[in-house]
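# Structural characterization, general
If you want the building blocks of each chain, they are given just below.
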Amino acid sequence: MRRRVVITGAGCVSPLGNRVDDVWDRAARGESGVGPIGLFDARHFPVQIAAEVKHWNLSDFERGEFALGRFLAQPRQTQFAIAAALDAARSAGLVGHPFEPSRLGIYLGCGEIFPDFAATCQQMARPGSAAEPAHAATGADGRDEPGAPAGGAARPRRTAEPPADAARLEPGAAVGFIASLLNMQGPNANFTTACVSSNIALGEAAEVLRRGDADIMFTGGAHSMIHPYGIAGFHRLSTLSSVYDTPQSASRPFDRDRNGFVVGEGGVVLILEEYEHARRRGAKMWAEVKGWSSSHDAYRVTDLEPTARSAVRCIQHALADARLDGEAIDYINAHGSGTVLNDKVETAALKRAFGKRAYRIPISSTKSMTGHLTTACAAIETLLCLLALERGILPPTINYDHRDPDCDLDYIPNTAREVRCQTVLKNSVGFGGHNVAVVLARV
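Here is a short report on the structure shown in this document.

### Focus: the pattern of salt bridges
- Evaluation of the coordinates by the stated rule reveals 32 salt bridges.
- Here Asp321 and Arg210 are joined by a salt bridge, their closest N and O atoms 2.9 Å apart. With a gap of 111 residues between them, Asp321 in helix H9 (residues 309–322) and Arg210 in helix H6 (residues 197–210) connect regions that are remote in the sequence.
- On the basis of relative accessible area, Asp321 is assigned to the buried category, the value being 18%.
- Two residues, Glu305 and Arg309, come together in a salt bridge whose shortest N-O distance is 3.4 Å.

Next up, the structure:
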């Protein structure tokens with residue numbers, strides 16, 4: 001028997017705010033979280049804007065149940081994930097509630113930890129500072145150790161806590177930390193599949209619950225690539241917006257004058273729960289995960305397959321998994337990165353998947369406000385889908401000023417729209433040809 005899966009809690013740290021209600025209020029007003037880069041000196045970079053998390057400190061999320069001081073030295077994105085998970089647990093009423101640890105798990109989509117990786121490499125490469133004293137290269141009897149430079153010459157220093165240092169650089173470190181905080185002894189994994197990572201995590205977490213291998217799964221993602229390496233790398237791929245004088249108008253998905261995305265950062269965690277388990281404990285059910293699917297273009301390392309065949313198939317399979325047809329979808333939250341090719345191909349995919357109905361379904365790209373949270377982008381967009389279902393308001397695509405003949409659907413331009421939805425689709429068309437579609441519905 002396939003069990004039903006519902007969403008019973010959420011937490012977030014994002015460019016629009018660090019609480020769910022704050023994020024929703026700003027998104028519904030069509031506000032942008034984009035501004036000048038403050039995390040490093042970008043004055044001499046060709047790209048000087050990003051969507052940063054502001055007014056942020058992990059200690060703000062410490063309310064007595066957990067001691068978070070030991071995590072303050074962890075990478076920025078790991079802290080985002082921890083904070084979002086704790087707020088999600090609180091919103092779902094899970095803190096202090098007795099659960100069987102083996103029935104509680106976590107699947108996240110967290111990406112590469114650029115700042116700490118870069119700093120570690122630089123430290124190891126620095127002459128002198130990354131070397132042990134000469135005596136450390138000799139054995140207990142005073143002779144040179146095998147393989148050591150003759151005469152006890154300096155060699156790379158062993159770090160004081162190699163396992164701890166390695167854990168800091170591991171994209172999946174957050175799942176381990178959160179599991180230890182909440183005594184999660186069930187399924188545990190991290191997914192790093194570019195822009196679709198967090199909704200691959202969501203879909204696979206839903207499968208765990210569907211087959212009865214757990215009662216509750218934490219899912220979502222976190223990432224921060226606002227770092228010289230991240231910004232320079234994306235710029236070299238010609239994917240970033242070059243609008244600098246007015247940062248808040250730089251992210252303009254589906255608009256004729258779009259010219260790239262804006263890098264964002266943050267963390268979002270959702271609580272997935274088996275329906276009967278949630279019902280028995282009286283949990284608030286935000287929405288039901290009706291179906292999902294994933295696919296890959298198998299085309300090129302970076303470019304999307306221009307006919308969108310795999311993206312279309314992904315949407316169709318998600319609808320089939322949900323046991324619905326295209327007529328049931330009331331709103332689509334698009335990937336909508338703001339690059340010329342991505343928006344064109346995604347629009348083509350939606351037309352092929354929904355036929356003439358594609359022109360009647362309201363669609364928006366909330367990346368116009370949040371920027372592109374890389375591995376965490378699908379999670380924050382799924383959160384906005386949940387809130388749209390709950391509150392009967394569809395967030396807009398801001399900065400949509402000029403119609404593109406290749407992008408001619410209803411993108412909810414600039415102003416939120418009051419629409420009572422029953423079922424929504426979160427579509428993700430990711431870097432390197434990854435596709436994920438998730439169907440959510442009111443319970």
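### Side note on the nonpolar core
- Among the nonpolar cores identified, the biggest contains 51 residues, and Leu270, Leu272, Leu383 and Leu440 are the most heavily contacted of them.
- Secondary-structure elements contributing two or more residues to this core are strand E1 (5–13), helix H1 (20–28), H6, strand E7 (265–274), strand E8 (287–296), helix H12 (377–391) and strand E14 (434–441).
- It is H12 that contributes the most residues to this core, 10 residues altogether.
- Every residue in contact with Leu440, bar those within four places of it in the chain, is listed here: Ile7, Glu288, Val289, Lys290, Thr382, Cys385, Leu386, Leu389, Gln422, Thr423 and Val424.
- Core analysis: the next-biggest nonpolar cluster, separate from the first, contains 37 residues, Ala89, Cys110, Ala179 and Leu182 among them.

### Here we look at the environment of Val289
- Along the chain, Val289 falls in strand E8.
- Between the C-alpha atom of Val289 and that of Val5, which follows or precedes it by 284 residues, the distance is 5.6 Å.
- Discounting chain neighbours no more than four positions away, the residues touching Val289 are Val5, Ile7, Leu202, Ala206, Val438, Val439 and Leu440.

### Here's the deal with H9
- With 14 residues, H9 extends 20 Å from end C-alpha to end C-alpha; this agrees with the ideal 20 Å at 1.5 Å per step.
- Every buried residue belonging to H9 is among Ser310, Ala311, Val312, Cys314, Ile315, Ala318, Leu319, Asp321 and Ala322, and all of these are buried.
- As for H9, its buried residues are in contact with H6, E8, helix H10 (340–354), strand E13 (423–429) and E14.
- Looking at the residues trailing H9, positive phi occurs at Arg323, about 60 degrees.

Definitions and cut-offs
Residues numbered from 1 in each chain as written. Predicted model: local features only at pLDDT ≥ 70, side-chain atom pairs only at ≥ 80, totals over all residues. Heavy atoms only, no water. Salt bridge = Lys/Arg side-chain N within 4 Å of Asp/Glu carboxyl O. Helix = DSSP H or I, 4+ residues; strand = E, 2+ residues; numbered from the N terminus. Buried < 20%, exposed > 50% of the residue type's maximum accessible area, 1.4 Å probe, protein only. Core = buried A, V, L, I, M, F, W, Y, C linked by side-chain atoms within 4.5 Å. Contact = heavy atoms within 4.5 Å. Expected span 1.5 Å × (residues − 1).

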